[in-house]
There are 2 protein chains.
Amino acid sequence: MNIVFIGSGNVTAILGRKFVAAGHKIMQIYSRNASAASELAYEWDTESTNYISMITKDADVYIISVSDNSIEPLAKELHLPGKVVAHTAGAVSKDVLQAVTPHYGVFYPLQTLRKESPHLPDTPIFVEAATEQAQLVLDNLAATISHNHEVHHVTELQREKLHVTAVVVNNLVNHLYTLVEAFCKAEGVDFKQLLPLIQETTERVNNSSPALVQTGPAIRHDEVTLNKHLELLHNYPQLKKIYKTISDSIEGKAL
Amino acid sequence: MNIVFIGSGNVTAILGRKFVAAGHKIMQIYSRNASAASELAYEWDTESTNYISMITKDADVYIISVSDNSIEPLAKELHLPGKVVAHTAGAVSKDVLQAVTPHYGVFYPLQTLRKESPHLPDTPIFVEAATEQAQLVLDNLAATISHNHEVHHVTELQREKLHVTAVVVNNLVNHLYTLVEAFCKAEGVDFKQLLPLIQETTERVNNSSPALVQTGPAIRHDEVTLNKHLELLHNYPQLKKIYKTISDSIEGKAL
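An unreviewed UniProt entry lists chain A under the name Rossmann-like and DUF2520 domain-containing protein, from Terrimonas rubra.

Draft legend 1. Structural view of the overall build of chain A. Secondary structure summary: chain A contains eight helices and eight strands in total. Of all 255 residues assigned to chain A, the portion counted as buried reaches 57%. A separation of at least 24 residues holds for 52% of the contacts in chain A among residues at least 6 apart in sequence. Taking the 21 positively charged and 28 negatively charged side chains of chain A as two groups, their mean positions are separated by 4 Å.

Draft legend 2. The arrangement of the UniProt feature "domain: DUF2520" (unreviewed entry) in chain A in detail. Residues annotated by UniProt as "domain: DUF2520" (unreviewed entry) correspond here to residues 123–249 of chain A. For residues 123–249 of chain A, the helix share is 65%, the strand share is 6%, and the end-to-end C-alpha distance is 31 Å.

Draft legend 3. Representation of the UniProt feature "domain: Pyrroline-5-carboxylate reductase catalytic N-terminal" (unreviewed entry) in chain A. Residues annotated by UniProt as "domain: Pyrroline-5-carboxylate reductase catalytic N-terminal" (unreviewed entry) correspond here to residues 3–85 of chain A. Secondary structure content for residues 3–85 of chain A is 39% helix and 23% strand, and the end C-alpha separation is 10 Å.

Draft legend 4. Summary view of helix H3 (residues 68–77) of chain A. All names here are of chain A. Three or more residues of H3 are buried, namely Ser70, Ile71, Leu74 and Ala75. Buried residues of H3 fall within an arc of 135° about the axis and therefore sit on the same side. Relative to its buried face, H3 has exposed residues pointing more than 90 degrees away, namely Asn69 and Lys76.

Draft legend 5. Geometry of the pairing of strand E5 (residues 84–87) of chain A. All names here are of chain A. Residues Val84 and Ala86 line one face of E5 and the alternating positions Val85 and His87 line the opposite face, and both faces are buried. Alignment of strand E4 (residues 61–64) against E5, held across four bridges, turns out to be parallel. Looking across to E5, one finds that Val61 is bridged to Val84. With respect to chirality, the unit in which E4 leads through H3 into the neighbouring parallel E5 is right-handed. With four bridges connecting them, E5 and strand E6 (residues 103–109) associate as parallel partners. Of the residues in E6, the one forming a bridge with Ala86 is Gly105.

Draft legend 6. The interface of chain A and chain B, seen in detail. Residue-level contacts link 86 residues of chain A with 87 residues of chain B. Taking both partners together, chain A and chain B bury about 8200 Å²; carbon and sulfur atoms supply 65% of that area. Considering only the side of chain A, the residues that lose the most area to chain B are Val169, Gln193 and Leu197 of chain A, jointly responsible for 8% of the buried surface there. Counting across the chain A and chain B interface gives six salt bridges. Among the ionic pairs, Glu160 of chain A bridges to Lys228 of chain B, the shortest N-O distance being 3.3 Å. Inspection of the chain A/chain B interface yields 39 residue pairs in polar contact (both at pLDDT 80 or more).

Draft legend 7. Just the packing of aromatic side chains, in detail. Taken as a whole and assessed by the stated rule, the structure comprises eight aromatic pairs over all chains. Aromatic rings pair up to connect Phe5, Phe19, Trp44 and Phe107 of chain A into one cluster.

Draft legend 8. Representation of the domain arrangement of chain A in the model. Residue and element names in this part refer to chain A. For chain A, the assigned domains read domain 1 (2–154) and domain 2 (160–251). Averaged C-alpha coordinates put domain 1 and domain 2 at centres separated by 35 Å. Taken together, the contacts link seven residues of domain 1 with five residues of domain 2. Ranking the residues of domain 1 by area buried against domain 2 places Gly90, Tyr108 and Leu110 at the top, with a combined share of 56%.

Draft legend 9. Seen up close, the relation of the copies chain A and chain B. In screw terms, the move from chain A to chain B is a rotation of 180° and a rise of 0.0 Å along the axis, fitting with an RMSD of 0.1 Å. A rotation of that kind, with that shift, is consistent with a two-fold axis. Relative to the rotation axis, the C-alpha of Val173 of chain A is the closest in chain A, positioned 3.3 Å from it. Looking at chain A, 100% of its interface residues are interface residues in chain B too, so the copies touch through the same face.

Draft legend 10. Region of the structure containing unusual backbone geometry. In this model, His221 of chain A sits at a positive phi of 50°, which is unusual for a non-glycine residue. Assignment of secondary structure puts His221 of chain A in the loop between helix H6 (195–207) and helix H7 (223–232). Given a relative accessible area of 45%, His221 of chain A falls into the partly exposed group. Of note in the backbone geometry, Asp45 of chain B takes a positive phi value of approximately 55° without being a glycine. Along the chain, Asp45 of chain B turns up in the loop between helix H2 (34–44) and strand E3 (47–49). Exposure remark for Asp45 of chain B: the relative accessible area of 69% places this residue in the exposed category.

Scoring rules and cut-offs
Residues numbered from 1 in each chain as written. Chains lettered and ligands numbered in written order. Predicted model: local features only at pLDDT ≥ 70, side-chain atom pairs only at ≥ 80, totals over all residues. Heavy atoms only, no water. Helix = DSSP H or I, 4+ residues; strand = E, 2+ residues; numbered from the N terminus. Buried < 20%, exposed > 50% of the residue type's maximum accessible area, 1.4 Å probe, protein only. Contact = heavy atoms within 4.5 Å. Lys, Arg positive; Asp, Glu negative; His and termini not counted. Charge placed at Lys NZ, Arg CZ, Asp CG, Glu CD. UniProt positions renumbered as here; feature names shortened; annotations may be inferred. Arc of directions from axis to C-beta. Pairing = 2+ DSSP bridges. Right-handed = clockwise from strand over helix to strand, strands pointing away. Buried area = accessible area lost by both parts, 1.4 Å probe. Salt bridge = Lys/Arg side-chain N within 4 Å of Asp/Glu carboxyl O. Polar contact = N/O pair within 3.5 Å; in protein donor to acceptor, adjacent residues only side chain to side chain. Phe/Tyr/Trp six-rings, centres within 6.5 Å; stacked < 30°, edge-to-face > 60°. Domains from an automatic or database assignment. Least-squares fit on C-alpha atoms with pLDDT ≥ 70 in both.

Structure below.
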């Protein structure tokens, strides 16, 4: 398919690389950030523009990957009647694209994507579409790059629910790592020594329900260790509060 | 080296397999759980016993891997003067072994270990020792199975600090996965679709400081999305409370 990207950030970079690898043609990249757009255009041997009026009308599908708050104002300036247009956000209604084309939708990659990534991570794609034509085009596109070539249809509410869970397992877990890294630095222990454990914790959830492999002082109601840990975290109020909240939850205490 | 295990649980199973693979001889396994001990003895072509008086005096080193609360009572029954004896717990003082032998210590694997594991995970080993002889023997043993053959010396306080961080990145993170899995089941979304994201979140921390790759609604102070998420979690008070606590921490709000 012939694809235009609107936006030149992390999502564009990774989806674009996957599209190119799958044999699609990136026709153009539009972005207010001219240098980011031209870098990706160079990578994919295509053209870029930072004029909205210069966006080509000749593509099959337009993928909008800009920050959540920018989608709606940008959509007001876009008129692509007859074309299929989708945004990639987890938490924005597809209906903000209503005035752009009848064939609008969402192309939501359930993954954390970064331009600098040395590899293209497995990425389940979740599709919502306003018309059959949009559904068909977005499904075909998704099937070429999705994890196991699976395409998932979702309602807006289901996508929002997926987005919450994605925030928990990615953003909130990353914050725990951040607080632990800061604790390690300040206390003179080496955060790197935790990487095999972090890796194995993840491996395990691939093979077993996490509910069945819970271990640690909280599930044993080992109050001596829990209290010792809270003392060790005395100077780290964020980590201490989070440690206590999650441990209470593991113990089944009312929160 | 000739090794005796005291205890027949997950830590014995995985450390034992690593020792065998490194060319050591498991001389005997003592456990109150005769069937678990004999299963491992069969695996390693050695003997097992459930009589404490039958523990051989002919080994070089004795590794005690029993539940935290069982170490001290068990140590009171053990007399192995001249031998090197270590426990494997993250949160128990080495001094509970004082009466067993002068050459006591700790052999702490910073990893989550399960008998059923299909592989032997990378495992950094942290050693504490009461005498030079204990240090020498435990160091040599650790070097044969430790991640990158590195041996780490720690003080009791440093080991306790490592143990807190291990609980956070393993037990607390696993509880987040557990709550998310339960939410997915109840809300009809497929937890398995989150596995590539969980995997990638871990990959990233191998290559970048987590502090530098924080994303999501909280770091953007996107209160619209945060409030929408809290509404979606309305029927899940544990997950909602944890979501709010960690998001507040990311936003830098006082906790």
